[in-house]
Amino acid sequence: MDFASQMVLFAKVVDGGSFSAAARALHLSPSAVSRQIAHLEDQFGVRLLDRTSHGISPTETGSVFFDQCRVVADQSDEAKAYLESLSAEPAGQLKVVSTVAFGNVCLMPALPKFIATYDKISVSVRLNDDPVEFATNADVAIQFSEQLEDSSAIVKKIASNRRVLVASPDYVAGRGMPRSKNELASHTCLRLIAESHWNDWIPYQLLNHNAVFEANTADAVYRAVLAGLGIARLSTYLVNDDIEAGRLVRILPDYQQENSAIVAAYSDRRNLSPKIRVFIDYLAEIFGPIPPWER
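Counting starts from 1 at the beginning of each chain's written sequence and moves along it residue by residue. Residue-level local features of this predicted model are given only where pLDDT is at least 70; pairs of side-chain atoms are given and counted only at 80 or more, and the full residue set underlies all totals for whole chains, interfaces and linings. Each side-chain value is worked out from all heavy atoms of the structure, with water and hydrogens disregarded.

Visitor: What should I look at first to understand the overall build of the protein chain in this one?
Guide: Of the regular secondary structure elements, the protein chain holds 11 helices and 11 strands. The C-alpha radius of gyration of the protein chain comes to 27 Å, more than 25% above the 19 Å expected for a compact globule of 295 residues. Dimensions of the protein chain, computed from the C-alpha atoms along their principal axes, are close to 85 × 45 × 30 Å. For every residue, the accessible area (1.4 Å probe, protein chains only) is compared with the maximum for its type, and the residue is labelled buried under 20%, exposed over 50%, or partly exposed between those bounds. Counting across all 295 residues of the protein chain, residues that qualify as buried make up 44%. Considering only contacts within the protein chain whose residues lie at least 6 apart along the sequence, 71% involve residues at least 24 apart. For the accessible areas, the method is Shrake-Rupley and the probe is 1.4 Å, while residue cover comes only from the protein chains on display. Accessible surface, the protein chain as shown: approximately 15400 Å² in total, 49% of it carbon and sulfur. Counted charges follow a simple rule, with Lys and Arg positive, Asp and Glu negative, and His plus the chain ends left uncounted. Throughout, a charge is located at the NZ atom of Lys, the CZ atom of Arg, the CG atom of Asp or the CD atom of Glu. Computed over 28 positive and 35 negative side-chain charges, the inter-centroid distance for the protein chain is 2 Å. Put simply, DSSP marks the helices as runs of H or I at least four residues long and the strands as runs of E at least two long, and each gets a number from the N terminus on. Only C-alpha atoms enter the radius of gyration, while the globule expectation follows 2.2 Å times N to the 0.38, with N the number of residues. Residue contacts are counted whenever heavy atoms from the two residues lie within 4.5 Å of one another.

In structure tokens form, the structure reads like this:
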């Protein structure tokens, strides 16, 4: 048995608390496990386990070594689970949470082809802009990269996200076209409640005053812009068609925000089921590398 395999074996012994538990996990005999641990100790001249009538426990050296072995064992389990998932058929209910605007404009039109391709997967979609608790609410969350609060989440970029400043032609006709960021201070700037840093484009003179309009979703702000209530910063997937059709106009055309991405997040790659894997791969294919609304 090579050294990497011995590291996995040692991690299983300590995790299981016995040679027998490790043997069952790795389909070996307890005597074979014991021999390999003894060989590891003899090879390096260290004692890794204390053996008593009450069981086994790692020595001080063994505890430090176990921390390193556990990383190798986890990576091995993860790689095995990934290969096994490739041969499994995607099936079951897939719970998806998406931000409201992206869900309505981009995700929903993309679902019919996915469902037709994977007819054993049923999709449950919930649209909101709140932080996601994966354990109870979702298998996959479609969010902006700056929204993510769960540091343990695994994240895959599915599309770039560019934001621009827009207003309706009626608003510009009535209030004029600002020519610089400083001139925004004399205009009505529409705010998002959900994330304060999404308002960092608004002049500081306006941030501490009551807004004419604010909302907790980009979808609501988008509709307010179309209604002529003011200027807003919105993603191009939401406004490009309106700009081309003349329903909206760019404000400060040289300005754009590009430090954001649309991502798919899930909780644990070691338990990545086939239904989640094929869904994320599908989104990455249709929305990237250049998203359709930017082509």
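Visitor: Explain the packing of aromatic side chains here, please?
Guide: Each aromatic ring pair is summarised here by two numbers: the centre-to-centre distance and the angle between the ring planes. Aromatic pairing here means that ring centres of Phe, Tyr or Trp (its six-membered ring) are within 6.5 Å. Orientation follows from the plane angle: under 30 degrees is stacked, over 60 is edge-to-face, and everything else is tilted. Considering all chains together, one arrives at 11 aromatic pairs under this definition. Judged by centre distance (5.3 Å) and plane angle (85°), the ring pair of Phe102 and Tyr237 falls under edge-to-face. With Phe102 in helix H5 (residues 100-117) and Tyr237 in helix H10 (residues 236-245), the pair connects residues that are 135 residues apart, well separated along the chain. The buried category is assigned to Phe102, whose relative accessible area is 2%. An aromatic cluster is present here, built from Phe3, Phe10, Phe44 and Phe65 joined pairwise through their rings. Definition used: whenever NZ (Lys) or CZ (Arg) falls within 6 Å of the ring centre and also within 35 degrees of the ring normal, the charge is taken to sit over that ring. We note Arg163 situated over the ring of Phe144; from NZ or CZ to the ring centre the distance is 4.8 Å.

Visitor: What am I meant to see in the pairing of strand E2 (residues 55-58) here?
Guide: It is a general feature of regular strands that their side chains alternate between the two faces of the sheet. Summarising the sheet, strand E1 (residues 49-52) and E2 pair through 4 bridges and their orientation is antiparallel. When the bridges of E2 are listed, Leu49 appears paired with Pro58. Between E1 and E2, which pair antiparallel one after the other, the connecting turn spans 2 residues. A pair of strands counts as paired when DSSP detects no fewer than two bridges linking them.

Visitor: So what exactly am I meant to see when it comes to unusual backbone geometry here?
Guide: The general pattern is negative phi for most residues beyond glycine and trans for most peptide bonds. With omega at -5°, the peptide bond leading from Gly288 into Pro289 counts as cis. Take Pro289: it is sitting in the segment after helix H11 (274-287). Non-glycine residue His27 carries a positive phi angle of around 60°. A positive phi angle, close to 50°, is found at Leu252, a residue other than glycine. As for its position among the elements, Leu252 is in the loop between strand E10 (249-251) and strand E11 (257-266).

Visitor: Is there a simple way to explain the packing of helix H9 (residues 218-226) against H10 in this structure?
Guide: Each pair of packed helices gets described by two things: the angle between the helix axes and the distance between those axes. For the pair H9 and H10, interaxial distance at closest approach is 11 Å and the crossing angle is 15°. The angle between H9 and H10 falls in the class roughly parallel. Regarding H9 and H10, the two cross each other, and that crossing is right-handed. Residues Ala218, Tyr222 and Leu226 of H9 form the contact with H10, whose participating residues are Leu238, Val239 and Asp242. Axes here mean lines fitted to C-alpha atoms, for a helix over just the part in contact, with angles spanning 0 to 180 degrees between N-to-C directions. Any angle that falls under 35 degrees is termed roughly parallel, while one over 145 is termed roughly antiparallel, one within 65 to 115 roughly perpendicular, and all others oblique. By convention the crossing between two helices is left-handed if the near helix lies anticlockwise of the far one by an angle smaller than a right angle, and right-handed if it lies clockwise.

Visitor: Just to check I follow, could you spell out a nonpolar patch on the surface for this structure?
Guide: Where nonpolar side chains cluster on the molecular surface, the patch consists of Phe3, Phe44 and Val46 and spans about 260 Å² of accessible area. One can find Val46 in the loop between helix H3 (30-44) and E1. Within the patch definition used here, like charges are joined within 9 Å and nonpolar side chains (Val, Leu, Ile, Met, Phe, Trp, Tyr) within 5 Å, considering only residues with over 30% relative accessible area and no salt bridge. Every case where a carboxyl oxygen of Asp or Glu lies within 4 Å of a side-chain nitrogen of Lys or Arg is listed as a salt bridge.

Visitor: Before we go on, may I ask you to explain the environment of Ala218 in this structure?
Guide: Tracing the backbone through its elements, the reader meets Ala218 in helix H9. Distance in space between the C-alpha atoms of Ala218 and Arg191 is 9.1 Å, their sequence separation being 27 residues. The contacts of Ala218, once residues within four sequence positions are left out, are Ala101, Asp129, Leu192, Leu234 and Leu238.

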